[in-house]
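If you want the building blocks of each chain, they are given just below.
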Amino acid sequence: MRQITEVEIRASLVNCTKGEVKRLAVPRDLDARPWADLDFLGWQDPASPGRAYLIAEQGDRLVGVALRRATAHAGFVRRSMCSICLTTHTGDGVSLMTARRPGGSGDSVGAYICTDLACSLYLRGKKDAGPGGRMPESLTLEEKIGRTAVNVTEFLQKVTQ
Ligand SMILES: [Zn+2]
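Just so we're clear, the structure is a prediction, and the values are computed from it rather than from any experiment. (Residues numbered from 1 in each chain as written. Predicted model: local features only at pLDDT ≥ 70, side-chain atom pairs only at ≥ 80, totals over all residues. Heavy atoms only, no water.)

Participant: Sorry, what's going on with the pairing of strand β1 (residues 41-44) here?
Facilitator: If a strand is regular, its side chains alternate between the two faces of the sheet. Pairing analysis gives four bridges linking β1 to strand β2 (residues 51-58), with the strands arranged antiparallel. Across the sheet, L41 pairs through a bridge with I55, a residue of β2. (Pairing = 2+ DSSP bridges. Helix = DSSP H or I, 4+ residues; strand = E, 2+ residues; numbered from the N terminus.)

Written as structure tokens, this is what we have:
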């Protein structure tokens, strides 16, 4: 994706109140992010570990959602797969993330997503998910990137529709 600014990030969030948008901690290392290798920008709020954000280009606009991470059950040590990039992690490497839908209905949409939101890097082999993290597939990297973009779009559409 193209490099985006703090102003664009704050303007993209569809499921936050004005106060939340004002207060949210935008990453300080935007200039250092590997934009060319990112399918979306994702980060965890350092001030509030249960909160995370995901922002992606959708056509010619940016759509961002705030996510809440469900706390893992005690003794929860099994493998689970990210629904965005299909990387498998053990333990809390994948979390159930829920996004409140805009409009004040109180509904939310959940998905299992890599806890560190580094899907783009796992996909490209730039971050190691450990043994068995990536299934061998006959798809090309480009096809896997395309599939990830579809998964991100579907998730964002479920939140915003
Ligand atoms: Zn992932």
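Participant: Explain the coordination of the zinc ion here, please?
Facilitator: Metal coordination angles in their ideal form are 109.5 degrees for the four-donor tetrahedron and 90 or 180 degrees for the six-donor octahedron. For the zinc ion, the full set of protein donor atoms is C82 (SG), C85 (SG), C114 (SG) and C119 (SG), and the range of their distances to it is 2.2 to 2.3 Å. Considering all four donor atoms around the zinc ion, the spread of angles at the metal, 104 to 116 degrees, places the coordination shape in the tetrahedral class. Within one chain, the residues serving as donors to the zinc ion are arranged as C-x2-C-x28-C-x4-C. Taken together, the positions of C85 in the loop between β4 (79-81) and β5 (88-90) and C114 in strand β7 (residues 108-114) put the pair 29 residues apart, joining distant regions of the chain. Both residues of the pair, C85 and C114, belong to the buried class. (Donors = N, O, S within 2.8 Å, 3.2 Å for Na, K, Ca; no water. Tetrahedral: all angles 85-135°; square planar, octahedral: opposite > 155°, others 65-115°. Buried < 20%, exposed > 50% of the residue type's maximum accessible area, 1.4 Å probe, protein only.)

Participant: Before we go on, may I ask you to explain the sheet that holds β7 in this structure?
Facilitator: Two orientations exist for strands paired in a sheet by backbone hydrogen bonds: parallel and antiparallel. The sheet built from five strands is open, its strands ordered β1-β2-β3-β6-β7 with antiparallel pairing. Strand pairing shows two members of the sheet lacking a second neighbour, β1 and β7, which therefore form its edges. Taken over all neighbouring pairs, the strand axes of this sheet differ in orientation by 30 degrees on average, direction set aside. Examined bridge by bridge, β2 and strand β3 (residues 61-69) share eight bridges and lie antiparallel to one another. Pairing of L54 across the sheet is with V65, part of β3. (Axes fitted to C-alpha atoms, helices over the stretch in contact; angles between N-to-C directions.)

Participant: Could you clarify how one ought to interpret the environment of Y112 in this entry?
Facilitator: Looking at the element boundaries, Y112 is found in strand β7. Judged by relative accessible area, Y112 falls into the partly exposed class, the value being 39%. Separated by 48 residues in the primary sequence, Y112 and G64 place their C-alpha atoms 17 Å from one another. Among residues more than four places away in sequence, those in contact with Y112 are M81, C82, S83, I84, V94, S95 and L96. (Contact = heavy atoms within 4.5 Å.)

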